[in-house]
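These are the residues of each chain, in order.
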Amino acid sequence: MEPLRISSTESAQSRWNFCGSGKRDDGEDVSCQEKSMGSATPERSYREQLCNLNGIAQPLASRKLTRKLYKCIKKAAKHRQIRRGVKEVQKFINKGEKGIAVLAGDTLPIDVYCHIPIMCEERSLPYAYVPSKSDLGAAAGSKRPTCVILLKPHEEYEEAYGECLQEVEALPLPL
């Protein structure tokens, strides 16, 4: 007996069913599938990225907070004040390092990093999800997508870090 195979178009259509539709810049209605596949530019808007979120991506950063987090991550990367990747972040959370954990909401399978939010809650570390792992990796100065970053405080970008910390702590934790 041969295994059931789903074509890429079927899986893409089932993935986009819950997204609804939106408007293109010229005012024409477009579904999420058309936006992601027929886009002239590879960059996707915040709304389009929300279509790819996994089930555990809560608390999700708003568009404004996402931009602030990316800017703060860029500044931290210049001063080498970030921890990137599940293994490295997990190791330093266990060692008691403080900071903000930023997780990508489009990471699949979720088993890869579903334990990180629990570790953060146990150690009272603030954490938030952003919609895209590729944007998270790019903000850290890497061509490679990353699913989690630990953003450490530093005096060079203290103001930006403080704003991000305050807004991330204000996000409601999932039940």
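Structural notes, computed from the coordinates. This structure is a prediction, so every number in the text was calculated from the model and none was measured. (Residues numbered from 1 in each chain as written. Predicted model: local features only at pLDDT ≥ 70, side-chain atom pairs only at ≥ 80, totals over all residues. Heavy atoms only, no water.)

### Remarks on a positive patch on the surface
Okay, step 1: The grouping of Arg47, Arg63, Arg67, Lys71, Lys74, Lys75 and Lys78 at the surface amounts to a positive patch.
Okay, step 2: With six residues, helix α4 (residues 63–78) is the single largest residue contributor to the positive patch.
Okay, step 3: Along the chain, Lys78 falls in helix α4. (Patch = residues over 30% accessible without salt bridge, like charges linked within 9 Å, V, L, I, M, F, W, Y side chains within 5 Å. Areas by Shrake-Rupley, 256 points an atom, 1.4 Å probe, with all protein chains shown as cover. Salt bridge = Lys/Arg side-chain N within 4 Å of Asp/Glu carboxyl O. Lys, Arg positive; Asp, Glu negative; His and termini not counted. Charge placed at Lys NZ, Arg CZ, Asp CG, Glu CD. Helix = DSSP H or I, 4+ residues; strand = E, 2+ residues; numbered from the N terminus.)

### Thoughts on the sheet that holds strand β3 (residues 82–84)
Okay, step 1: Reading across the sheet, the four strands line up as β3-β6-β4-β5 and stay open at both edges, with mixed pairing between neighbours. Across the chains shown, the open sheet's two edge strands, defined by having one partner strand only, are β3 and β5 (127–130). If you compare each strand with its neighbour and ignore which way they point, the axes differ by 20° on average.
Okay, step 2: Bridging between strand β4 (residues 100–104) and β5 involves four bridges; their strand directions are parallel. The partner of Leu103 across the bridge, within β5, is Tyr129.
Okay, step 3: On the sheet, α4 packs against β3, β4, β5 and β6 (148–151) and is oriented at approximately 70° with respect to β6.
Okay, step 4: Its contacts with the sheet put helix α5 (residues 86–94) on β3 and β6, and the angle it makes with β6 is roughly 40°. (Pairing = 2+ DSSP bridges. Axes fitted to C-alpha atoms, helices over the stretch in contact; angles between N-to-C directions. Contact = heavy atoms within 4.5 Å.)

### Here we look at the side chain of Arg83
Okay, step 1: Its place among the elements puts Arg83 in strand β3.
Okay, step 2: Apart from the residues within four sequence positions on either side, Arg83 is in contact with Glu88, Val89, Phe92, Glu97, Val148, Ile149, Leu150 and Lys152.

### Considering helix α8 (residues 158–170)
Okay, step 1: For α8, built from 13 residues, the straight-helix expectation of 18 Å at 1.5 Å per residue is met to within 8% by its first-to-last C-alpha distance of 18 Å.
Okay, step 2: The complete set of buried residues in α8 reads Ala160, Tyr161, Cys164 and Val168. For α8, the angular spread of buried residues about the axis comes to 95°, placing them on one side. Those residues of α8 that are exposed and aimed more than 90 degrees away from the buried face are Glu158, Glu159, Gln166, Glu169 and Ala170.
Okay, step 3: Turning to α8, the residues buried within the fold contact α4, β4, β5 and β6. (Expected span 1.5 Å × (residues − 1). Buried < 20%, exposed > 50% of the residue type's maximum accessible area, 1.4 Å probe, protein only. Arc of directions from axis to C-beta.)

### Some thoughts on unusual backbone geometry
Okay, step 1: Here the residue pair Gln58 and Pro59 is connected by a cis peptide bond, since its omega of 5° sits within 30 degrees of zero.
Okay, step 2: Here Pro59 lies in the loop between α3 (46–49) and α4.
Okay, step 3: With omega at -5°, the peptide bond leading from Leu108 into Pro109 counts as cis.
Okay, step 4: Relative to the helices and strands, Pro109 resides in the loop between β4 and α6 (116–122).

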